[in-house]
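Below, each chain spelled out in residue letters.
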Amino acid sequence: MNAQLSEMRPLGSVGFGASPLGSVFGSVSESDAVASVLEAFRLGINFFDTSPYYGATLSEKMLGKGLKALGVPRSEYIVSTKCGRYREGFDFSAERVTKSIDESLERLQLDYVDIFQCHDIEFGSLDQVVNETIPALQKLKEAGKIRFIGITGLPLEIFTYLLDRVPPGTVDVILSYCHYSINDSTLEDLLPYLKTKGVGIISASPLAMGLLTEFGPPEWHPASPELKSACQAAAVYCKEKGKNISKLAMQYSLSNKDISTVLVGMNSVKQVEENVAAATELVLFGKDHETLAEVEAILKPVKNQTWPSGIQQS
Ligand code: NAD
C-alpha cells in the first residue's frame, strides 16, 4: 500500500480535502467548487477526499462535478470517500455500508473509489467495525468497487485498537485529523507503530479545521475557548509580522516524511494556489524556523490540547 500511496505524492504530499465543498466552512458556489478541483489538478494535486456526511452529500456531488470537468482518464486521480457516518447519524452495519458505496459512486459519477474509509469509528462499536464493517468492505474490494480500505477518527487509540484486531493487510490506510499540526503533534508518537503495521498514513486538517487561519474557525469548531484564543493570537502575531499562519501550518504538517499525505480542506482557487505555493516553497527554501519557533511559544500553553470525540466503548 505504501508504494501505491506514493502515487499521491507529486507535490510533496498535498491532498485535496473536499469537506469545504459541502459548504461545511461557509457557503460555496458550484462554480467555485468545480474551479477549485480543476486548479488543484492543474497544479499537481491528484488525491481528493470526501464523505457522504460532508454537507449531507453535497461535498460528494460537488466533487463528482469537479472530477467530471477534469476530462482526464480515471486512473489519473485518486478518490477517497467514507461510510458509516451520515446526516441521519452513525451506522456501521454491513448492510448500510454496502448500500453506501453505491450511493457514493452515483453522486461522485464514478465506477469505483480508490479508498473507502469507515468514518469516525469512535462513534460506533469498534468491535462491530472489526467483525462486521471491515469484512463487508473486503467484499466490496473483491467486487471491484473499492481498491483500499481505511479507517478514520480523532482519538489515536482507535487505530491501535483496530489494527491489533484485524488480520494483517486488511486495513490499508488510516486517516488521522487535527493531530499533526503546529498546536497538536501527538500523531508523531504513533508513527513507528503505524509503520510496523504497514498502513498508509493520511494526516488531515493541517490548519486544525480553521484554527490556524487568519479567518478563524467555523462556529461548530469543538476546540476550547482557550485553544481558540491562543490560535487567534498566533494568527494575529504572524499577520503583524507580515507572515501567514496557514502557510506556516501547511509547511509544518508537510515536513514529516513518514506521513504519506497531508489533506487540507479547500474551497477556492486562491486557497488551492496558496497551499500549493506553501508546499513548493517548503521544497525550495525549507521551513521558516524563526516564525515557527515564535508561534510554537505562543501555542505552548495549549500544546496537544484536544477535545472529546465519540462514545464510551464497552
Ligand atoms: P483544514 O485544517 O484543512 O482547514 C480547512 C479550513 O481552512 C477551511 O475553512 C478552508 O477553507 C481553510 N483554508 C484552506 N486553505 C487555506 C489558506 N491557504 N488560507 C486560509 N484558509 C485556508 O481542515 P479540514 O478541511 O477539516 O481537513 C481537511 C480534510 O481532511 C477535510 O476536508 C476532509 O476531507 C478530511 N478530514 C477527515 C476527517 C475524518 O475522516 N474524520 C476529519 C477531518 C478532516
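Reference entry: report on the structure contained in this document. From a predicted model like this one, the values you see are computed outputs, not experimental measurements. (Residues numbered from 1 in each chain as written. Predicted model: local features only at pLDDT ≥ 70, side-chain atom pairs only at ≥ 80, totals over all residues. Heavy atoms only, no water.)

### Description of the pattern of salt bridges
One pass over the full model with this rule turns up 19 salt bridges. Residue R74 pairs with D114 through a salt bridge whose shortest N-O separation is 2.8 Å. Highlighted residues: R74 in the loop between α3 (58-70) and β3 (78-83) and D114 in strand β6 (residues 113-118), separated in sequence by 40 residues. For R74, a relative accessible area of 17% gives the class buried. Given the relative accessible area of 2%, D114 is considered buried. Measuring nitrogen to oxygen at the nearest pair gives 2.6 Å for the salt bridge that ties K247 to E281. (Salt bridge = Lys/Arg side-chain N within 4 Å of Asp/Glu carboxyl O. Helix = DSSP H or I, 4+ residues; strand = E, 2+ residues; numbered from the N terminus. Buried < 20%, exposed > 50% of the residue type's maximum accessible area, 1.4 Å probe, protein only.)

### Brief notes about the site of the ligand
The local shell around the ligand holds 29 residues, among which S19, D49, D120, G265 and Q271 are the closest. A distance of 3.5 Å separates a nitrogen atom of the ligand from a polar side-chain atom of Y54. Side-chain polar atom of D120 to a nitrogen atom of the ligand: 2.5 Å apart, as the coordinates give it. Across the complex, the protein chains shield 92% of the 830 Å² of accessible surface that the ligand would expose by itself. Contributions of two or more residues to the shell around the ligand are made by β8 (173-177), β10 (261-265) and α10 (269-285). Residue classes in the shell around the ligand are distributed as 13 nonpolar, 12 polar and four charged. (Near = heavy atom within 4 Å. Polar contact = N/O pair within 3.5 Å; in protein donor to acceptor, adjacent residues only side chain to side chain. Areas by Shrake-Rupley, 256 points an atom, 1.4 Å probe, with all protein chains shown as cover. Nonpolar A, V, L, I, M, F, W, Y, C, P; charged D, E, K, R; others polar.)

### Things to note about the sheet that holds strand β9 (residues 200-204)
The parallel closed barrel is built from eight strands, whose spatial order is β1-β2-β3-β6-β7-β8-β9-β10. Strand-to-strand twist in this sheet, taken as the mean axis angle between neighbours without regard to direction, amounts to 30°. Across two bridges, strand β1 (residues 14-17) lies against strand β2 (residues 47-49) in parallel orientation. Paired with F16 across the bridge in β2 is F48. Helix α5 (residues 126-142) rests against β3, β6 and β7 (146-153) of the sheet, and its axis sits at about 155° to β7. (Pairing = 2+ DSSP bridges. Axes fitted to C-alpha atoms, helices over the stretch in contact; angles between N-to-C directions. Contact = heavy atoms within 4.5 Å.)

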